Amino acid sequence: MTSHFCFNTQLKAGIFASLLFIPILTTASPSFPSPISDASNQDADFSSALGEAIFEKLWASSPSSTLASDGLGPLFNARSCHTCHLNEGGGKRPNAGESTRNTSTFFIRLGLTQAPDELKPEHSVWPDPIYGHQLQTRSVQGLVAEPSFAIMYASKNVRFDDGTIIELSVPSYKLELNEELNKGISSIHQHTGLSPRLSPHLTGMGLIDALSDEDILANADPDDEDKDGISGRANVVWDRKTASWKIGRFGYKATQPTLDQQNQSAFNGDIGLSTPLFQTASGDCTQQQITCLNAPNGNSPHLDNLEINQKQVNWVNIYLGTLPVVRIQNSATAAFEQGKQQFIALNCIACHVPKYTTATSSLSSTLENRVILPFSDFLLHDMGDALASGFTEYSASAREWRTAPLWGMSKRLAKNPQGGFLHDGRAKTINEAILWHGGEASASQAAYLSSSLKDRNALLYFLESL
């Protein structure tokens, strides 16, 4: 399901040079929380408001007097979507020594590194036999939460050719052995790998959902036929709604094909709610967690015998899908232009493809036929051993990650300056994030290390303006 066609670098550079002054969106107000709205479509605006309310709702454990809000857990990471994505933003980089039990925007995914049997299509990884796909570090009353890890950082110095030294933080994770907190738990399986994750930013989700598969595949070059060292390829994943294989576009490893499935996966895995696509009311509990499986649930005949039904999910989809991306800042300045030229010269555009036009949308007609600048090809790229996760996800190897979209960076830095970058937040700054690039990005990283301080500052100014 991949294409061997790939834009060459000169073509990308030519397109890029002419597109940066196109407004990303034509909303009356480009502020981050203002939805892309159609003034004539009051029903869509009402649905978005309902979706926002569900996004911010604090769920309660069952049984509860608040029947519309029960169903939490039994094991969970947060009581609301808003807890993990404050102001629709992303997570906060953990501090040294901080416990994953005390974070709501940072979590650990699990996956076996050795296959015990054939993997079912609906599962991207072989889960840990006791703790499933993700460690839930919170639980309803009467249950013991799953294990937690303490986060530590070691220092690693990187030297630029001009002598400038930057200190990077190398994360490590130590299983916490607090007997009271971890009473009754079993050890992580010896063949289970860890993949720490920072809650992602929710910029432009509906616009990404409206991209055509063909436009994503147009940039794929899995066999590096143009010999530029960049071998982007699509992650082919299971679409639960259509029971078919689709192109993944959401998640750090591009493991979700649609915004709808991405959101339902989060409701089920992070909060423990049963949804139309993930119908287990016990969330991520495994067959080994008997108490969890037998805990009361909030399934209701008024919600199609679920804890959150498709209508409610649709409202959240519309709310998140119609949040806009801010306009690019500072585009008329000389520093911006210099930084743009550095972005091209370092071949960042080989993966961070700037421009697309959206196709059709099942969420809202306002998302269709829009010129957008996400700065991502939404493909998998080998980023080297230093950034490797602990296991594969569908066809994404441990070293492969989806190109991170760069749009909304200016608002992200303003609202969440301590958020951190990369999948686990290890990079405190954009500068550090660039220095972590390896694998297919090694040539660009080497060129960055040899560039002048003036050119580096211009590039950072450009990126901070997106």
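The structure we're discussing is the one just above.
Residues numbered from 1 in each chain as written. Predicted model: local features only at pLDDT ≥ 70, side-chain atom pairs only at ≥ 80, totals over all residues. Heavy atoms only, no water.

Undergrad: In this structure, what is going on with the nonpolar core? I would like to understand it.
TA: One recurring pattern in soluble globular proteins: nonpolar side chains tend to sit buried together. One finds Trp59, Phe267, Ile271, Ile308 and Leu320 to be the most contacted residues of the largest nonpolar core, which totals 41 residues. Looking at this core, the element that brings in the most residues is helix α8 (residues 310–321), giving four residues. Counting 32 residues, the second-largest nonpolar core is a separate cluster that includes Ile166, Phe375, Trp401 and Trp436. (Core = buried A, V, L, I, M, F, W, Y, C linked by side-chain atoms within 4.5 Å. Buried < 20%, exposed > 50% of the residue type's maximum accessible area, 1.4 Å probe, protein only. Helix = DSSP H or I, 4+ residues; strand = E, 2+ residues; numbered from the N terminus.)

Undergrad: How should the pairing of strand β4 (residues 149–159) be read in this particular structure?
TA: If a strand is regular, its side chains alternate between the two faces of the sheet. Pairing between β4 and strand β5 (residues 165–175): 11 bridges, direction antiparallel. By the bridge assignment, Ile151 is partnered in β5 with Tyr173. In textbook terms, the turn of a hairpin is the stretch between consecutive antiparallel strands, and for β4 and β5 this stretch comprises five residues, one of which, Gly163, has a positive phi near 100 degrees. (Pairing = 2+ DSSP bridges.)

Undergrad: Can you walk me through the layout of surface pockets in this structure?
TA: A probe matching the size of a water molecule, rolled over the atoms, marks out where space remains unfilled. Approximately 480 Å³ is the volume found for the second largest pocket. The set of elements that each furnish at least two residues to the lining of the second largest pocket consists of β8 (244–247), α6 (259–271) and α8. Here the element with the most residues in the lining of the second largest pocket is α8; it accounts for four residues. In terms of residue class, the lining of the second largest pocket is made up of eight nonpolar, 10 polar and seven charged. (1 Å grid on protein atoms, 1.4 Å probe; cavity = no way out; pocket = protein on both sides within 12 Å on 5 of 7 lines; lining within 4 Å. Points joined across faces, edges and corners; volume = space filled by probe spheres on them. Nonpolar A, V, L, I, M, F, W, Y, C, P; charged D, E, K, R; others polar.)

Undergrad: What exactly am I supposed to notice about the state of the cysteines here?
TA: Note on terminology: a disulfide is the covalent bond linking the sulfur atoms of two cysteines. Counting across every chain of the model gives one disulfide. The disulfide partner of Cys285 is Cys292, and the S-S distance across this bridge is 1.6 Å. The buried category is assigned to Cys292, whose relative accessible area is 4%. Among the cysteines around Cys81, which has no disulfide bond, Cys84 carries the closest sulfur, lying 7.8 Å off. With a relative accessible area of 14%, Cys81 lands in the buried category. In this model Cys348 remains outside any disulfide bridge; the closest cysteine sulfur is found in Cys351, 8.9 Å from its own. (Disulfide = S-S within 2.5 Å.)

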